[in-house]
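Residue-level listing of the chains:
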Amino acid sequence: MVKQIAFSGILSNSRNFNPDFYNWNRVKVRYCDGSSFTGDVEAVNHVTKLHFRGARIWLAVIEDLLAKGMKNAENAILSGCSAGGLTSILHCDGFKALLPMGAKVKCLSDAGYFINVRDVSGTRHIQSYFNEVVMTHGSSKNLPRSCTSRFSPGLCFFPQYTAQQIRTPLFILNAAYDSWQIRNILAPRDADPQGAWVSCKLDISNCSPVQLKVMQDFRMRFLYALSRLQRSRSTGMFVDSCYAHCQSEMQELWLRDDSPVLAKTSVAKAVANWFYDRTPFQKIDCPYPCNPSCPGMASSPEEYTEA
């Protein structure tokens, strides 16, 4: 972990780049546990010397912040990207419960709405992987009981089985063609031994018509997994058709002259309008490549290690 990181997007202290949250107290919780802060295993792995105690890290961090003044908060957002976006869902109600009764508390999940689908080889790779994460970390006792009472703990790591029971207002910020999910859920390396998807995963404009059809099917499954959340007016939603992963902490995607928009609204404005109860925001983009405000997202093809 580097000792210093840039605070941009929703974490920026610039009024120009983050007009609604620039003067908030902003805290970045470093992610190191591998289970979206749900692990709680007493035993230490005698071979690797690894501790699987993310839930204890989470509680220690929150208690420290409460003592530093968060116990007096009037407004609070629990937000995160990728595995942090999943954290924002799984810990949303618990976070609100620890803050003052009268505080306005809401949660923002950025690129954390991982879905349970088969990969291009027909294997349920991600379901198996999440199940192993939950088993290794002993996460089941820290997953929402409203879910684990109905489904296996491994399934409750997927927001589609958990998010609809969350009582605290939640905003889902996600690309329908989430680049991490395309690379690691839809077409992971093991499912593509010949490398037919390598170029497509690097840049969506390289995809063949057949690959685009598979990605359009993925989008439809993603929207279906989201559908039950749309019933609540307290839920916010910004689902664009960009090929991206994480948008709230990247300035060029959060708020800039050339940032992605839905209904002529930037991510920054949509989140702020939702948080401050100005206007509800639940928008889903048309299919790729219809949105000209999406930037070319030819980012590096690295394989993320978190969830």
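All figures in this text were calculated on a predicted structure; none of them were measured in a lab. (Residues numbered from 1 in each chain as written. Predicted model: local features only at pLDDT ≥ 70, side-chain atom pairs only at ≥ 80, totals over all residues. Heavy atoms only, no water.)

1. What to know about the environment of Gln-160
Keep this limit in mind: Strands are runs of DSSP state E lasting at least two residues, helices are runs of H or I lasting at least four, and both sets are numbered from the N terminus onward. The buried label goes to any residue with under 20% of its type's maximum accessible area, the exposed label to any with over 50%, and the partly exposed label to all in between, with areas taken from a 1.4 Å probe on protein chains only. Any two residues whose heavy atoms approach within 4.5 Å are treated as being in contact. Definition of a polar contact: a pair of N or O atoms within 3.5 Å, with one able to donate and the other able to accept a hydrogen when the atoms are protein atoms, and with sequence-neighbouring residues admitted only if both atoms are side-chain atoms.
If you trace the backbone, Gln-160 turns up in helix α6 (residues 159-162). Assessed through its relative accessible area of 18%, Gln-160 is described here as buried. Apart from residues lying up to four places away in sequence, Gln-160 is in contact with Tyr-113, Phe-114, Ile-115, Asn-116 and Ala-225. A polar side-chain atom of Gln-160 sits 2.8 Å from the main-chain amide nitrogen of Asn-116.

2. With respect to the pattern of salt bridges
Heads up, the condition is: Each salt bridge in this description consists of a side-chain nitrogen of Lys or Arg and a carboxyl oxygen of Asp or Glu lying within 4 Å of one another.
Under the definition given, this model contains ten salt bridges. With a shortest N-O distance of 3.9 Å, Asp-93 and Arg-167 are connected by a salt bridge. Residue Asp-93 is located in helix α3 (residues 92-98), and its partner Arg-167 is located in the loop between α6 and β3 (170-175); the two are separated by 74 residues in the primary sequence. Residue classification places Arg-167 among the exposed residues on the basis of a relative accessible area of 71%.

3. Structural notes on the packing of helix α7 (residues 179-186) against helix α9 (residues 209-226)
Heads up, the condition is: Whenever a helix is involved, its axis is fitted only over the stretch in contact; in every case the axis is a line through C-alpha atoms, and angles between N-to-C directions fall within 0 to 180 degrees. By definition in this entry, angles of less than 35 degrees are roughly parallel, angles greater than 145 are roughly antiparallel, angles of 65 to 115 are roughly perpendicular, and the rest are oblique. Under this grouping Gly is polar, as are all residues other than the nonpolar Ala, Val, Leu, Ile, Met, Phe, Trp, Tyr, Cys and Pro and the charged Asp, Glu, Lys and Arg.
Axis separation between α7 and α9 bottoms out at 12 Å; the angle between their running directions is 105 degrees. In terms of their interaxial angle, α7 and α9 are classed as roughly perpendicular. Side by side, α7 and α9 meet where Gln-181, Ile-182 and Leu-186 of the first sit next to Val-214, Met-215, Phe-218 and Phe-222 of the second. Among the residues making up the contact of α7 with α9, the classes are represented as six nonpolar, one polar and no charged.

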